[in-house]
Amino acid sequence: MAATKKDVLNFVQIFDQKMEEHRQELTDMDQAIGDGDHGINMNRGMKAVGEKLPTFQDKTIDAILKGVGMTLVSTVGGASGPLYGTAFMRAGMAMKGEEELSAEDIGKMFDAAIEGIVSRGKATTGEKTMLDAIVPAKDAYNESIASGKTITEALTVAEKAAWKGVDYTKTIKATKGRASYLGDRSIGFQDPGATSITYMIQSAKEAGEKAGK
Ligand code: ADP
Ligand code: MG
């Protein structure tokens with residue numbers, strides 16, 4: 001069953017709640033290897049998005065995603081605002097004209113979001129960033145869909161792959177972003193951006209569960 005606009009709005013709202021819930025955890029993580037603002041940044045951005053959600057109800061899916069991205073870019077200072085913002089805007093552009101999202105469409109959104117993050121941040125996997133969670137999640141999602149799983153089943157597998165990626169970030173040193181200033185001293189710490197993007201995937205999974213898709 002395809003995802004509707006209501007499911008997309010639900011996903012955004014769940015992600016807003018999660019960024020509120022995990023604000024301190026993400027901030028503590030960023031305190032260890034960055035400047036201690038990731039939770040604050042993501043909470044501020046998604047709260048601004050949440051406040052705009054009522055005005056998004058009448059928009060198309062692509063316009064909603066673009067609106068989320070633009071709000072994140074304009075309200076979040078720091079690296080994560082433009083990175084998440086570009087991801088949402090690119091995902092929206094990839095869904096132009098779609099009234100519902102098929103399982104394959106969601107795979108295309110993953111691809112577009114990753115392309116946005118890469119074009120903005122010039123990182124690749126293995127550099128201790130959000131890419132280390134979302135790239136394996138995208139691969140796991142697409143494999144699951146290809147083998148006939150439902151959207152929610154595939155997102156469940158994707159979330160597991162993302163958490164594995166989060167664990168992997170603990171074992172490597174950062175070569176992009178603020179944490180790269182620490183060099184080898186960044187090893188042993190979990191990347192905050194990889195963690196928040198895993199909560200984003202978890203939010204999508206929960207929206208899917210809620211809709212029974
Ligand atoms: P800042 O580093 O400006 O304080 P945040 O603390 O909000 O911004 O976000 C930090 C997170 O952004 C990191 O944990 C990492 O996952 C992600 N990040 C930083 N630089 C890049 C990049 N070039 N590409 C992808 N992700 C990045
Ligand atoms: Mg920071």
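Every value quoted in this text rests on a predicted model; they were computed, and no experiment measured them.

Calculation rules
Residues numbered from 1 in each chain as written. Chains lettered and ligands numbered in written order. Predicted model: local features only at pLDDT ≥ 70, side-chain atom pairs only at ≥ 80, totals over all residues. Heavy atoms only, no water. Near = heavy atom within 4 Å. Polar contact = N/O pair within 3.5 Å; in protein donor to acceptor, adjacent residues only side chain to side chain. Areas by Shrake-Rupley, 256 points an atom, 1.4 Å probe, with all protein chains shown as cover. Helix = DSSP H or I, 4+ residues; strand = E, 2+ residues; numbered from the N terminus. Nonpolar A, V, L, I, M, F, W, Y, C, P; charged D, E, K, R; others polar. Buried < 20%, exposed > 50% of the residue type's maximum accessible area, 1.4 Å probe, protein only. Contact = heavy atoms within 4.5 Å. Donors = N, O, S within 2.8 Å, 3.2 Å for Na, K, Ca; no water. Phe/Tyr/Trp six-rings, centres within 6.5 Å; stacked < 30°, edge-to-face > 60°.

1. Here we look at the site of ligand 1
If you check the shell around ligand 1, you find 21 residues, and the closest are Asn-41, Ala-79, Ser-80, Gly-121 and Asp-191. At 3.1 Å from an oxygen atom of ligand 1 is found a main-chain nitrogen or oxygen belonging to Met-130. Compared with its free state, where it exposes 570 Å², ligand 1 has 93% of that area covered by protein. Counting residues per element, the ones that place at least two in the shell around ligand 1 are helix H3 (38-56), helix H5 (80-94), helix H6 (103-121) and helix H9 (192-211). Looking at the shell around ligand 1, the element that brings in the most residues is H9, giving three residues. The residue makeup of the shell around ligand 1, split by class, is seven nonpolar, eight polar and six charged.

2. A word on the side chain of Thr-86
As for its placement among the helices and strands, Thr-86 is situated in helix H5. Looking at Thr-86, the relative accessible area reads 10%, which means it is buried. Those residues in contact with Thr-86, other than ones at most four positions away along the chain, are Val-73, Gly-116 and Arg-120.

3. Quick word on the coordination of the magnesium ion (ligand 2)
Distances from the magnesium ion (ligand 2) to its protein donors, Asp-30 (OD), Asp-35 (OD) and Asp-37 (OD), fall at 2.0 to 2.2 Å. Judged by relative accessible area, which is 33%, Asp-35 ranks as partly exposed. Owing to a relative accessible area of 21%, Asp-37 belongs among the partly exposed residues under this scheme.

4. Quick word on the packing of aromatic side chains
If you walk through the whole model with that rule in mind, you get four aromatic pairs. Seen from their ring centres, Phe-11 and Phe-88 are 6.3 Å apart, and the 25° between their planes marks the pair as stacked. Residue Phe-11 is located in helix H1 (residues 5-21), and its partner Phe-88 is located in helix H5; the two are separated by 77 residues in the primary sequence. Here Phe-11 matches Phe-88 in class, with each residue buried.

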